[in-house]
Amino acid sequence: MNIIDPAPVRKETPLKLYGEEFHSRLLLGTAQYPSPKILCDAVKASRTEIVTISLRRENARQKEGRKFIDLIGSLDVRLLPNTAGCNSVKEAVATAEMARELFDTPWIKLEVIANNDTLQPDLLGLLGAARVLLRDGFKVLPYMTEDLSIAEKLIEAGCEVLMPWGAPIGTGQGLRNPEALKTLRAYFPDIPLIIDAGIGAPSHAALAMEFGYDAILLNTAVAKAHDPVTMAKAFALAIDAGRNAHVAGLMEPRDMAAPSTPIAGTPFT
Amino acid sequence: MTSKNITILGAGITGLWQALTLARAGHHVSLVEKSAEPFDEASSWFAGAMLAPFCESESAEPIVGKLGLEAIPIWKKSFPGLKINGTLVLAPARDLSELKHFAKRTDGHRWLEAGEIENLEPDLANRFQSALFYESEAHLPPRKTMQDLLRMAEQAGVRMRFGVDDPSTQALSDDADDYLIDCTGMGAHEQLPELRGVRGEMAVIKSRDINLSRPVRLLHPRVPFYVVPWGGHTYMIGATVIESADPANVTLRSALDLLAMAYALHPGFGEAELCEFSTGIRPAFPDNIPKIVLHNQRHIYINGLFRHGFLLAPVLAELTRHYIETGRQTSELMIEN
């Protein structure tokens, strides 16, 4: 019998959102790419299974706007429409209803924006819209801050996943409040948590995954890269690395140096 | 070289340059347009007409910048009055990172400090601490230029027919034609199924308080914006880029964005007169790179010029002329259908 059996690599559990399983832990936004071709190539390079799409700006309700959507639809990924640009419960609900009809999906990334300059989420509006939409059968993925109390209320309302920001949308600042994000993770160990917005570099994404976050949603960092396709791949690798590190169990930092090779008995010293 | 009989469909910026280029080379050219009056259905009527190969390289593929550099001398030859005043790129103090990002992505610029900005554009004095200056870029008054091109084409012997109901039925109906060149933009969307429309909204304002002598781009994370002096105190401000072929009027939100950016550039624009709000639909292929589609030996499409009609039309016209005269495909923009 071989006593040094190679240890089996721990089997990765898929990401589960509203009962559906996904093998990629990267969700990618579809705005701001230099061209639809580059967007499609980036989606493929990222291995993502979920892409977000904005309804308001792309005038999707018009038949004429379909060309872009059809192109994304041809990518064989789940479309997650969002309510970007909505400033009130009423607007967000109306946009979600239009999205459900247009994309034939009850999934919605819910954004209610408090301030158009900072794009800070309006947490009260978010909760209000989430309650309406969940009652109406939507699968709501809410874009929120790292606030614990609103997280609790969103879960009570029926949200099965939460999406706290890393930093404001489009800033690329990374995890601006890492301690609060760790607290949120510790507080809700069983709810899928996705960092949504503010990620600028693959290292930011890897760090969030090391904290135990379940997935990362990003857009600008890839779309505005000099080479979006290569950047999409870089993020996929970083997210894999962070996830594997979390699953493997990170060491705790120590105050004192500890040699990895025992000193006692080392010859010739 | 024997001269050819050529029909060109579509009298927008692409068709006009193609007609002029071929007629000047001695070919017999007819230009056929659907609209009864010139330019009524041309998306180039709403263009900013900046010849900005360096600035456009920030988001366009390298080939666009490369061909764009060839365009300025061609324009200058036919329009000796072309203004090569450069482009000024600015950002509000808190968006300085946008300016750094733009600089990293583009060539052909130098950094200016406040004093140098004031020397170039006195009305912008004390408003911006730093800027990028793209000295070799040019701009045109697009509408006057299109009228000039039409006249020049006529003078070069191009026969014009306006108000032709369905110009595509002209397709080589007459065996006398050696070539049919379709430059109809979105008009060819059925024949070119990959073509899509990208909505652009713009405004025209008149200001006697602010004088600018070159295009100014103001960078912003969400609403990039430019203002182009069209002469006679008139300025074009533009332009949105929305993935939709909906030609409906400018939305209130887009109007607010455009006007707010003009106001941010200089509050003096607050007293400007609003002359026009318009929507144009840019024809584009999925990679946003123009194509010369060789449908068959005698039938050519030139399309997908996206944001770069004024910049690339004269270059595409030269490439197509060369193909017609030599039968050789020399450009990576040429594809066989």
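The shown structure was predicted, so the numbers you read here are calculated from the model rather than taken from an experiment. (Residues numbered from 1 in each chain as written. Chains lettered and ligands numbered in written order. Predicted model: local features only at pLDDT ≥ 70, side-chain atom pairs only at ≥ 80, totals over all residues. Heavy atoms only, no water.)

Some remarks on the overall build of chain A
Turning to step 1, where the next piece is worked out: A count of helices and strands for chain A gives nine helices and 10 strands.
Turning to step 2, where the next piece is worked out: Considering only intrachain contacts with a sequence separation of at least 6, the fraction spanning at least 24 residues in chain A is 65%.
Turning to step 3, where the next piece is worked out: For chain A, the computed accessible surface area is about 13400 Å², with 54% contributed by carbon and sulfur atoms. (Helix = DSSP H or I, 4+ residues; strand = E, 2+ residues; numbered from the N terminus. Contact = heavy atoms within 4.5 Å. Areas by Shrake-Rupley, 256 points an atom, 1.4 Å probe, with all protein chains shown as cover.)

Some remarks on the environment of Cys86 of chain A
Residues and elements named next belong to chain A.
Turning to step 1, where the next piece is worked out: With respect to the element layout, Cys86 can be found in the loop between β5 (78-82) and α3 (89-103).
Turning to step 2, where the next piece is worked out: Judged by its relative accessible area of 0%, Cys86 falls in the buried class.
Turning to step 3, where the next piece is worked out: In the structure, Cys86 is positioned 75 residues away from Val161 in sequence and 20 Å away in space, judged by C-alpha atoms. (Buried < 20%, exposed > 50% of the residue type's maximum accessible area, 1.4 Å probe, protein only.)

A word on the sheet that holds strand β12 (residues 225-231) of chain B
Neighbouring strands of a sheet are bound in pairs by backbone hydrogen bonds; such pairs are parallel or else antiparallel.
Residue and element names in this part refer to chain B.
Turning to step 1, where the next piece is worked out: A sheet is described by the order of its strands in space; here eight strands give the open sequence β5-β6-β4-β11-β12-β13-β10-β14, paired in mixed fashion. Among the strands making up the open sheet, the edge pair consists of β5 (110-113) and β14 (273-284). The average angle at which neighbouring strand axes cross in this sheet is 25 degrees, direction not considered.
Turning to step 2, where the next piece is worked out: With respect to the sheet, helix α7 (residues 252-265) is in contact with β4 (87-90), β10 (196-206), β11 (216-218), β12, β13 (234-238) and β14, its orientation differing from that of β12 by roughly 75 degrees. (Pairing = 2+ DSSP bridges. Axes fitted to C-alpha atoms, helices over the stretch in contact; angles between N-to-C directions.)

Comments concerning the packing of helix α1 (residues 36-46) of chain A against helix α2 (residues 66-73) of chain A
Residue and element names in this part refer to chain A.
Turning to step 1, where the next piece is worked out: The geometry of α1 relative to α2 is characterised by a closest axis approach of 10 Å and an angle of 20 degrees between their N-to-C directions. Taken together, the axis directions place α1 and α2 in an arrangement best described as roughly parallel. Crossing hand, α1 versus α2: right-handed. Contacts from Pro36, Leu39 and Cys40 of α1 reach α2 at Phe68, Leu71 and Ile72.
Turning to step 2, where the next piece is worked out: When its residues are assigned to classes, the contact of α1 with α2 shows six nonpolar, no polar and no charged. (Parallel < 35°, antiparallel > 145°, perpendicular 65-115°, else oblique. Left-handed = near helix turned anticlockwise from the far one by under 90°. Nonpolar A, V, L, I, M, F, W, Y, C, P; charged D, E, K, R; others polar.)

Here's the deal with the confidence of the model for chain B
Residue and element names in this part refer to chain B.
Turning to step 1, where the next piece is worked out: Summary statistics for chain B give a mean pLDDT of 92 and a share of 97% for residues scoring 70 or more.
Turning to step 2, where the next piece is worked out: The spread of mean pLDDT over the elements of chain B runs between strand β17 (residues 334-336), the lowest at 90, and helix α1 (residues 13-24), the highest at 97.
Turning to step 3, where the next piece is worked out: With pTM at 0.84, the complex prediction returns an ipTM value of 0.79. (pLDDT = per-residue confidence, 0-100.)

Focus: the packing of α1 of chain B against helix α3 (residues 62-78) of chain B
All names here are of chain B.
Turning to step 1, where the next piece is worked out: Packing of α1 against α3 brings their axes to within 14 Å, and their N-to-C directions diverge by 65 degrees. It follows from the interaxial angle that α1 and α3 lie roughly perpendicular. For the pair α1 and α3, the sense of crossing is left-handed. Along the contact surface, α1 presents Ile13, Trp17 and Arg24, while α3 presents Ile74, Trp75 and Ser78.
Turning to step 2, where the next piece is worked out: Looking at the contact of α1 with α3, its residues break down into four nonpolar, one polar and one charged.

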